Number of protein chains: 4
Amino acid sequence: MSSKRKKIKVGIVGATGYTGSELIRILIGHPDVSLEIVTSESKAGKEITDVHPQLRKMADIPLKSLSELQPEKLDVLFLALPHRVSMNFIAENTPLPCKVIDLSGDFRMNDVATYEKWYDVKHAVPDMVKTAAYGMPELFRDEILKADLIANPGCYPTTSILPLAPLVKDGLIEPNSVIVDAKSGITGAGAKAKDNTHFPNASDNFSAYGVKTHRHTPEIERTVLRFCNVDMSINFTPHLLPVNRGILATSYSQAKQGTNEKSVRDSLEKAYGDEYFIRLIDTPPEIRQVRGSNFCDIFATFDERTNRVITISVIDNLVKGAAGQAVQNMNLISGLPEASGLMTPPLSP
Amino acid sequence: MSSKRKKIKVGIVGATGYTGSELIRILIGHPDVSLEIVTSESKAGKEITDVHPQLRKMADIPLKSLSELQPEKLDVLFLALPHRVSMNFIAENTPLPCKVIDLSGDFRMNDVATYEKWYDVKHAVPDMVKTAAYGMPELFRDEILKADLIANPGCYPTTSILPLAPLVKDGLIEPNSVIVDAKSGITGAGAKAKDNTHFPNASDNFSAYGVKTHRHTPEIERTVLRFCNVDMSINFTPHLLPVNRGILATSYSQAKQGTNEKSVRDSLEKAYGDEYFIRLIDTPPEIRQVRGSNFCDIFATFDERTNRVITISVIDNLVKGAAGQAVQNMNLISGLPEASGLMTPPLSP
Amino acid sequence: MSSKRKKIKVGIVGATGYTGSELIRILIGHPDVSLEIVTSESKAGKEITDVHPQLRKMADIPLKSLSELQPEKLDVLFLALPHRVSMNFIAENTPLPCKVIDLSGDFRMNDVATYEKWYDVKHAVPDMVKTAAYGMPELFRDEILKADLIANPGCYPTTSILPLAPLVKDGLIEPNSVIVDAKSGITGAGAKAKDNTHFPNASDNFSAYGVKTHRHTPEIERTVLRFCNVDMSINFTPHLLPVNRGILATSYSQAKQGTNEKSVRDSLEKAYGDEYFIRLIDTPPEIRQVRGSNFCDIFATFDERTNRVITISVIDNLVKGAAGQAVQNMNLISGLPEASGLMTPPLSP
Amino acid sequence: MSSKRKKIKVGIVGATGYTGSELIRILIGHPDVSLEIVTSESKAGKEITDVHPQLRKMADIPLKSLSELQPEKLDVLFLALPHRVSMNFIAENTPLPCKVIDLSGDFRMNDVATYEKWYDVKHAVPDMVKTAAYGMPELFRDEILKADLIANPGCYPTTSILPLAPLVKDGLIEPNSVIVDAKSGITGAGAKAKDNTHFPNASDNFSAYGVKTHRHTPEIERTVLRFCNVDMSINFTPHLLPVNRGILATSYSQAKQGTNEKSVRDSLEKAYGDEYFIRLIDTPPEIRQVRGSNFCDIFATFDERTNRVITISVIDNLVKGAAGQAVQNMNLISGLPEASGLMTPPLSP
């Protein structure tokens, strides 16, 4: 009975971006959560419904300034802050007074040099880069349970790593042959209006960006290394889709000797057969199948003609790629069922 | 406690159209419902997830033939059938063995002649046209509670009637001056692929249809008459929007003597101040504010310059305009809170 | 033979907004035009293809500063400037050294008081408000031919006035009963990224704006008055469509005694039967039918049941609603066929 | 002077699909063409504007039955027919009475066995498979000039081959390492409404299809072989974009020893520096840059970190990917400038 369980006390720092607003959307319906505080420096003093009118009658939450935050009274604190701002917050709040789930990229790579090279900034709390867990429960459940700081994965890395990690670990593909061609909905570019997100520029359009240089490249490589101790050097190319939500990643890898259709499917079945949020399917997935949900749908196949393994995976970038996976992490460290509060069916169409 | 309440036994006839699939989406998350049977003549023998792959891991429901339906074992039966098919089903199942909520247009007008004129067909069970309740709880709660057959309102009429009915009843607008200019997302055209819903025809496009002849015209007129005994003769023009879900209706009416901004707002506040699913707002609403939810957001204003009252209202056509309002009716007649199972926040963006 | 005709020398002030870039798109293919200068204060020194990469290999035009403009060497100058900036430019360049076609709203209403009230600014050159022609050739050809300054019509007014003006002039509708419910693509909001044009806000969405207060309201009223000396007081409500280009306007008017289907159609046929850019059609038009072209498609019908006349008209807001009509005006005053350079078929889909 | 040149007499078989309607759109504005006959079996007896209302006032062309076609009176005949239907037409009209440009896939692979394997049908005129030219002027200008039958390239192959062919020919990439990840607008699926093109299914969605099995795979491989005698075995994966027009192809290839950024760019510059319709650019292209035009924009780069060459290319699938390239071929074999009738600027936005 939810009403008999003691509720988890949570706070959100940063309410106005898409990850913050998705956290609110999910948490106001979570049966075991008490949302104690939501902060926004730019909107402090307003109501959450002034910023997100769709939540009228559902969320009666005043937006507070960070100065009103008392993290020591919380069980879990979500940081929905930009890169760099997040690590400075952590630096100012060490030792952490409660469990922290950070949705920025600042603690995702357990290697300070790699971070500093790709993000072009000096890290503010290099020590914690090592101790932070990578918050992908399907691969790192034990580390997450032990950590004080959980680095919630990026949206592209979530979509890319989930299909690839078991195949690399089981030795089915050549790690240096991997190519990930990824396509993301425009919410991935953030809530702030920019030239490339102006409707007449984004609608009826499609293009690649960050070719050779996107920061999610090393996040994918480092995480696979961390998971199964195999070095990779991949090509990762993101593209901007004229849809709101959703990422689809298509990967191509050279098969190792002996790999076949069955071994590919067995590897994923072994890894994810018991994982609620991973749905292994027999046909290429569509992004609308997961819209609004925490599912990752994965299709994988072996092409005998070219000796390559192809995987196609989809997530909702704001849910499994951000706020949903963060809540999954919160559930995990709080002793709740991982799907608690995350059972809303995908909205399709 | 949901687990202690006895669950309502419900069935759905017609699972593959949009109204049927929305009923499933809502009911699988409803804490007080046991979904006993879902039928589909074209897909009987398959699983619901074969038709709606987004529901994998969420709905483990075999699709049955109508011959397997035992309505006498149900508390509530939803009919998600096309016009004409629905009245024939009712004709063959009279007297009704359980409460029936019909989502077609067959029982919405309590006047057989009007129905037969606009639908161009002889009604199969004219007697029941009179006894069926119009399933809009905000206006007809008492009738709904007493009825065996509930005619669930059309999507355009729901959007149009909710703002207009109180204004007509309170004598603020001239009933014969009303113009409703309505715009609907393409799911309103049904789940079957047609020329005008072919993506290259519908996308980046906009047009009116059913000018002077749409069947929701008399549904709006008859319902207002039924509600407050005032005859109306309106212009209703629907348009096809290149979006999936959502209806926005803009209405224009000549104000009666003495009408002003305050009297318009007071009339709606009096009618809906206590209604959870009606949100009265101070600025023109957007359809995405209600996407996936059972809300109807209403804005109304008086234009002193032209002496007209303008209302703008939005709903999700598949939820408050179909399946959600049907579940609201089910909750009402089952003694449950009307919002039970309907508390999922709108998905925006 | 185009090559034997002397080319018209034209200039464009303001190249980076949508009207400026559409002027360039049309004029680089115009057989009788020499595009002498294109200015942009923010991009002076760059090439036009730096701003509009789609024009590579088609337009080899450097962007100049306004200081390099020599209007006395031009035949026609187009002003694609914001409201207020435009009238200041005119104020500084009086008397005009060449024919000027102004695409802003500053000279469209031949009444200074009306302008100052709705635009909330003092007019810089009130004298020229009276002498400027309203650049809608179908209604004001003679005035345009005589004028030095042509005020190019607004996009909504073009869509609204063309169907209504003949009906008012011929006494078929009550002028004070007119309601125009208009829907525009998002390019109508300009080339600059704003919150309401951010793809995740505009896509899969629809809403009204400027209710009771949009500046195109008096432009419609004043222009009909100017055309046929009938005072109107209308309701005009614009809405934002999730498409790039196109406006559809639906109007509703009370019919006068004796009006019928035939008289409505005859009135439009008489007014526009010989106009190339007006296509009178028997079914409600779609906006994609005119995309990229200078056509205005008009449907009009009489509803006997309600005694109202309904018109539905569509244009491409950037062409007939801006740059295309401006070129039509240029052709007219230059003695060219009005369709010269405007014969590109609509792009559909 | 167009008016002094003798006009080419052309016919189109198949007017109602997208390739047929694009041919009409382009040819009615072509200064050197007389469109003698347009056929459609399903619409014979109607006007072209009954099927394509956007062309009203621009195309006054009756649709004829095939029985009225007299190919011996034409200079060039375009076949806009489905696969299989096209080769049967050729079989019945051998020897060809005029130059024929076939837009189907039936004559694109100069190897009957490959065709029959991937299209799963016996070829009706195997002899002509060998003699047909592959209608990509940039690579096969000489063959096209000599041929009686020109197989107009597929949309995906056009986008994929143009960037890859020079790189393979110049020995810069490993031919068996090539991966092409392609994304197409929905007009690529044809004009007929289908489940996967139903707006609510296609909009706000994205997915792969034809994984490992798409027929454009061997067309790409065979054409590169034909061009530079190098065998390739590639992975080609198409995806369905929620836009109307446009293809973007991203390719990844292992670089050969010595390849670098300069050699990649030089190779393309050498191949296409003088080609009007190829625009080599320094930044990743967007599909809207080419919308409605016959351009192919190509970006290519070398990734030192992974030793791979990445190319990104875009076309309008209905123009350079179908009707536009067909007209380019017509111009070529008729002694006209290749860009004649193809100079309309892209429509953006």
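Keep in mind that what you see is a predicted model, and the values were worked out from it rather than measured. (Residues numbered from 1 in each chain as written. Chains lettered and ligands numbered in written order. Predicted model: local features only at pLDDT ≥ 70, side-chain atom pairs only at ≥ 80, totals over all residues. Heavy atoms only, no water.)

Facing the 33 residues of chain C at the interface are 33 residues of chain D. With both sides pooled, the region where chain C packs onto chain D buries about 3,000 Å², and carbon together with sulfur makes up 60% of that total. Put simply, chain C and chain D have 2 salt bridges between them. Ionic pairing is found between arginine 56 of chain D and aspartate 297 of chain C, a salt bridge with its closest N-O pair at 3.4 Å. (Contact = heavy atoms within 4.5 Å. Buried area = accessible area lost by both parts, 1.4 Å probe. Salt bridge = Lys/Arg side-chain N within 4 Å of Asp/Glu carboxyl O.)

Before going further, it helps to examine the packing of aromatic side chains. Scanning the model with the defined rule gives 30 aromatic pairs over all chains in all. Ring centres 5.5 Å apart and planes at 10 degrees place the aromatic pair phenylalanine 199 of chain A and phenylalanine 199 of chain C in the stacked group. Highlighted residues: phenylalanine 199 of chain A in helix 8 (residues 199–202) and phenylalanine 199 of chain C in helix 8 (residues 199–202), drawn from two different chains. Each member of the pair phenylalanine 199 of chain A and phenylalanine 199 of chain C is classed as buried. (Phe/Tyr/Trp six-rings, centres within 6.5 Å; stacked < 30°, edge-to-face > 60°. Helix = DSSP H or I, 4+ residues; strand = E, 2+ residues; numbered from the N terminus. Buried < 20%, exposed > 50% of the residue type's maximum accessible area, 1.4 Å probe, protein only.)

Bringing the interface of chain C and chain B into the picture now. Accessible area lost upon the coming together of the parts serves often as the stated size of an interface. Facing 48 residues of chain C, the contacting portion of chain B comprises 49 residues. Interface area for chain C against chain B, summed over the two sides, is near 3,900 Å², with a carbon-plus-sulfur share of 51%. A salt bridge links lysine 212 of chain C to glutamate 261 of chain B; the shortest N-O distance between them is 4.0 Å. Mapped onto the side of chain C that touches chain B, the elements with two or more residues apiece are strand 8 (179–184), helix 8, strand 9 (207–208), helix 9 (216–228), strand 10 (235–240), strand 11 (247–254), strand 13 (296–303) and strand 14 (308–315) of chain C. The dominant element in the side of chain C that touches chain B, judged by the number of residues it contributes, is strand 8 of chain C, at 4 residues. In terms of residue class, the side of chain C that touches chain B is made up of 21 nonpolar, 15 polar and 12 charged. (Nonpolar A, V, L, I, M, F, W, Y, C, P; charged D, E, K, R; others polar.)

Let's shift gears to the relation of the copies chain C and chain D. For the pair chain C and chain D, the relating rotation is 180 degrees, the translation along its axis is 0.0 Å, and the fit reaches an RMSD of 0.0 Å. Classification of the inter-copy transformation places it as that of a two-fold axis. The fraction of interface residues of chain C whose copies in chain D are also interface residues reaches 100%, indicating that both copies meet through the same surface. (Least-squares fit on C-alpha atoms with pLDDT ≥ 70 in both.)

Residues and elements named next belong to chain B. Direction vectors running N to C along helix 7 (residues 155–169) and helix 10 (residues 261–272) enclose 110 degrees, while the axes themselves pass 9 Å from each other. Taken as axis vectors, helix 7 and helix 10 run roughly perpendicular relative to one another. Residues Leu162, Pro163, Pro166 and Leu167 of helix 7 pack against Val264, Ser267, Leu268, Ala271 and Tyr272 of helix 10. (Axes fitted to C-alpha atoms, helices over the stretch in contact; angles between N-to-C directions. Parallel < 35°, antiparallel > 145°, perpendicular 65-115°, else oblique.)

Our next topic: the pairing of strand 13 (residues 296–303) of chain B. Residues and elements named next belong to chain B. Burial within strand 13 is extensive, with 8 of its 8 residues counted as buried. Burial along strand 13 is two-sided: Cys296, Ile298, Ala300 and Phe302 and Asp297, Phe299, Thr301 and Asp303, pointing in opposite directions, are all buried. As judged from the 3 bridges shared by strand 12 (residues 278–280) and strand 13, these two strands associate in the parallel manner. Pairing of arginine 279 across the sheet is with aspartate 297, part of strand 13. Bridge count for strand 13 against strand 14 (residues 308–315) is 7 bridges, and the pairing is antiparallel. Of the residues in strand 14, the one forming a bridge with phenylalanine 302 is valine 309. In this antiparallel pair of consecutive strands, strand 13 and strand 14, the connection spans 4 residues, and asparagine 307 shows a positive phi of 60 degrees. (Pairing = 2+ DSSP bridges.)

Bringing the confidence of the model for chain A into the picture now. The share of residues in chain A with pLDDT of 70 or more is 99%, and the mean pLDDT across the chain is 96. Across the interfaces of the predicted complex, the ipTM metric reaches 0.96, alongside a pTM of 0.97. (pLDDT = per-residue confidence, 0-100.)

Next up on the list: helix 9 of chain C. Residue and element names in this part refer to chain C. Here helix 9 is 13 residues long and its end C-alpha atoms lie 18 Å apart, about the 18 Å a rise of 1.5 Å per residue gives. By the criterion of burial, helix 9 is predominantly enclosed, with 10 of the 13 residues buried. Turning to helix 9, its buried residues are His216, Thr217, Pro218, Glu219, Ile220, Glu221, Thr223, Val224, Leu225 and Cys228. Buried-residue contacts for helix 9 involve helix 4 (112–119), strand 6 (133–134), helix 6 (137–146), helix 7 (155–169) and strand 10. At the exit of helix 9 stands asparagine 229, carrying a positive phi of roughly 60 degrees. (Expected span 1.5 Å × (residues − 1).)

All names here are of chain A. The 7 strands are arranged 3-2-1-4-5-7-6 in an open sheet whose pairing can be described as parallel. Each having just a single partner strand, strand 3 (63–64) and strand 6 (133–134) make up the two edges of the open sheet. Bridge count for strand 6 against strand 7 (residues 149–151) is 2 bridges, and the pairing is parallel. Among the inter-strand pairings, tyrosine 134 is bridged to a residue of strand 7, identified as alanine 151. Helix 3 (residues 85–92) rests against strand 1 (8–13), strand 4 (76–79), strand 5 (99–102) and strand 7 of the sheet, and its axis sits at about 145 degrees to strand 4.

This part takes up the relation of the copies chain C and chain B. With an axial shift of 0.0 Å and an RMSD of 0.0 Å, the rotation relating chain C to chain B amounts to 180 degrees. Of the residues that chain C buries at the interface, 100% are likewise interface residues in chain B, meaning the two copies contact each other through the same surface.

Further remarks concern the packing of helix 1 (residues 18–27) of chain A against helix 11 (residues 319–333) of chain A. Residue and element names in this part refer to chain A. Helix 11 packs onto helix 1 with a crossing angle of 50 degrees between their chain directions and a minimal axis gap of 9 Å. Between helix 1 and helix 11, the interaxial angle falls into the category oblique. Like other packed secondary-structure pairs, helix 1 and helix 11 cross with a definite hand, here right-handed. Where helix 1 approaches helix 11, its residues Thr19, Glu22, Leu23, Arg25, Ile26 and Leu27 are matched on the opposing element by Val319, Ala322, Ala323, Gly324, Ala326, Val327 and Met330. Of the residues in the contact of helix 1 with helix 11, the class split is 9 nonpolar, 2 polar and 2 charged. (Left-handed = near helix turned anticlockwise from the far one by under 90°.)

Take the pattern of salt bridges next. Here the structure, examined in full by the defined rule, presents 79 salt bridges over all chains. Notably, a salt bridge pairs aspartate 170 of chain A with lysine 270 of chain A, separated by 3.2 Å at the nearest N-O pair. Of the two residues, aspartate 170 of chain A sits in the loop between helix 7 (155–169) and strand 8 (179–184) while lysine 270 of chain A sits in helix 10 (residues 261–272), which places them 100 residues apart along the sequence. Lysine 270 of chain A sits in the exposed class, given a relative accessible area of 62%. A salt bridge links arginine 305 of chain C to glutamate 221 of chain B; the shortest N-O distance between them is 2.8 Å. Highlighted residues: arginine 305 of chain C in the loop between strand 13 and strand 14 and glutamate 221 of chain B in helix 9 (residues 216–228), drawn from two different chains. Judged by its relative accessible area of 34%, arginine 305 of chain C is partly exposed.

With respect to the helices, strands and loops of the structure, arginine 308 of chain D is situated in strand 14 (residues 308–315). Look at arginine 308 of chain D: it is buried, it has no salt bridge, and the nearest opposite charge is aspartate 303 of chain D at 6.6 Å. Among the polar contacts listed, one links the side chain of arginine 308 of chain D to the backbone oxygen of asparagine 176 of chain A, at a separation of 2.9 Å. One polar contact links arginine 308 of chain D to asparagine 235 of chain A, side chain to side chain, over a distance of 2.7 Å. Setting aside chain neighbours within four positions, we find arginine 308 of chain D in contact with Asn176, Ser177, Val178, Ile179 and Asn235 of chain A together with Ser253, Gln254, Ala255, Thr301, Phe302 and Asp303 of chain D. (Lys, Arg positive; Asp, Glu negative; His and termini not counted. Polar contact = N/O pair within 3.5 Å; in protein donor to acceptor, adjacent residues only side chain to side chain.)

Residues and elements named next belong to chain D. With respect to the helices and strands, glutamate 47 occurs in the loop between strand 2 (33–39) and helix 2 (48–51). Given a relative accessible area of 29%, glutamate 47 falls into the partly exposed group. For the pair formed by glutamate 47 and serine 207, sequence separation is 160 residues and the distance between their alpha carbons is 37 Å.

Residues and elements named next belong to chain B. Within the secondary structure, methionine 232 sits in the loop between helix 9 and strand 10 (235–240). Of the residues examined, methionine 232 reaches a relative accessible area of 6% and is grouped as buried. Methionine 232 sits 56 residues away from asparagine 176 along the chain, and the two C-alpha atoms are 5.1 Å apart.

Now for the side chain of serine 293 of chain C. The residue serine 293 of chain C is located in the loop between strand 12 (278–280) and strand 13 in this model. Among all residues touching serine 293 of chain C, those that are not within four sequence positions of it are Asp316, Val319, Lys320, Thr344 and Pro346 of chain C.

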